[in-house]
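# Residue-level structure breakdown
Chain residues, written in single-letter form:
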Amino acid sequence: MKIFLTISCICSFLFGNAQTTTLTYDIIIGGKTLGFVTATKTEKGNKVVYTSDSDTEVNLIGTTTIKTRMKTIFEDGILTESTYKFFKNDKLKEEAKVIKIEKGYLFTHDGETSKIDGPITASTIILYFYTPKEGEKIFEEVEGYFKTITYQKPNHFFLIDPKSSHKDTYEYKNGLLNYNLVKNTLIDFEMVLQENKIQK
């Protein structure tokens, strides 16, 4: 009995105070819903863990499944670690990792490593749960550089890519990302929040 109580107390200490918010989005391409994104934010003490998992199925010439998996950790408001994996038909096609070091960060993308100055206080994954500010620099965890927020109107922002002319659209409702239009060279896609599936 004492062992059981001790284990229960340890589990309560480690996990009992954690608060998790879960959001689900439809992925829309060409007006059709082809997949979904699940984003989570778990807060415990000075640590916040974000995850973003997407699953999409595209039928062009045959069926192609696309999956992405991202996990990013902030401690005391500073990014300390991030991992990203991209799968096509269950085969790993792209991988990125960010690790905080004594001075700045090490960024690894598909085996190539570079140094990034820090600290990083905002990255793209937090934009599900965070309404950004005009001029704010947002770190792109996959490509390893900063993008800039521009204000358009209340709760409506653009995320500007300095390496292209792409402007991604971010629209917010009640402090959460409600709509996202992502511009890509090959194909654009939309994400729409399923408001009935918000879990807190």
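Residues numbered from 1 in each chain as written. Predicted model: local features only at pLDDT ≥ 70, side-chain atom pairs only at ≥ 80, totals over all residues. Heavy atoms only, no water.

### Some remarks on the environment of Thr22
- With respect to the helices and strands, Thr22 occurs in strand E1 (residues 19–29).
- Relative accessible area serves as the criterion here: at 15%, Thr22 is assigned to the buried category.
- Once the C-alpha coordinates of Thr22 and Lys173 are considered, the two residues, 151 residues apart in sequence, prove to be 15 Å apart.
- Leaving out residues up to four positions away in the same chain, Thr22 has contacts with Thr38, Ala39, Thr40, Lys197, Ile198 and Gln199. (Helix = DSSP H or I, 4+ residues; strand = E, 2+ residues; numbered from the N terminus. Buried < 20%, exposed > 50% of the residue type's maximum accessible area, 1.4 Å probe, protein only. Contact = heavy atoms within 4.5 Å.)

### Structural notes on the packing of aromatic side chains
- Across all of its chains, the model carries seven aromatic pairs by this definition.
- Here the aromatic rings of Tyr25 and Tyr128 are separated by 5.5 Å at their centres, their planes lie at 45°, and the arrangement is tilted. Here the residue Tyr25 occupies a position in strand E1, and Tyr128 occupies one in the loop between strand E8 (112–116) and strand E9 (137–140), the gap between them amounting to 103 residues. Tyr128 carries the same exposure label as Tyr25, and that label is buried.
- Their ring planes at 80° and their centres at 6.1 Å tell us that Phe157 and Tyr172 sit as a pair that is edge-to-face. Of this pair, Phe157 sits in strand E11 (residues 156–160) while Tyr172 sits in strand E12 (residues 167–173), placing them 15 residues apart in sequence.
- Through a chain of ring-to-ring contacts, three or more aromatic side chains come together here, namely Tyr25, Tyr50, Phe74, Tyr128 and Phe129. (Phe/Tyr/Trp six-rings, centres within 6.5 Å; stacked < 30°, edge-to-face > 60°.)

### Comments concerning the pairing of E11
- Taken across its five residues, E11 has four buried, putting it largely inside the fold.
- Pairing analysis gives five bridges linking strand E10 (residues 145–153) to E11, with the strands arranged antiparallel. Opposite Ile149, over in E11, you have Leu159 as the bridge partner.
- Between E10 and E11, which pair antiparallel and follow one another directly, the connecting turn spans two residues, one of which, Asn155, has a positive phi of 65°.
- Pairing between E11 and E12: five bridges, direction antiparallel. Considered in E12, the bridge of Ile160 is made with Lys167.
- The turn joining E11 and E12, which pair antiparallel and follow one another in sequence, is formed by six residues. (Pairing = 2+ DSSP bridges.)

### Re the pattern of salt bridges
- Enumeration over the complete set of coordinates arrives at six salt bridges.
- Note that Asp161 is salt-bridged to Lys147, the shortest N-O span being 3.9 Å. Separated by 14 residues along the polypeptide, Asp161 in the loop between E11 and E12 and Lys147 in strand E10 bring together distant segments of the chain.
- When its relative accessible area of 11% is taken as the criterion, Asp161 is described as buried.
- Residue Lys147 is classed as buried on the basis of its relative accessible area of 8%.
- Across the pair Glu195 and Lys173 runs a salt bridge whose closest N-O atoms are separated by 3.4 Å. Here Glu195, found in the segment after strand E14 (189–193), pairs with Lys173, found in strand E12; they are 22 residues apart in sequence, far enough to count as distant. (Salt bridge = Lys/Arg side-chain N within 4 Å of Asp/Glu carboxyl O.)

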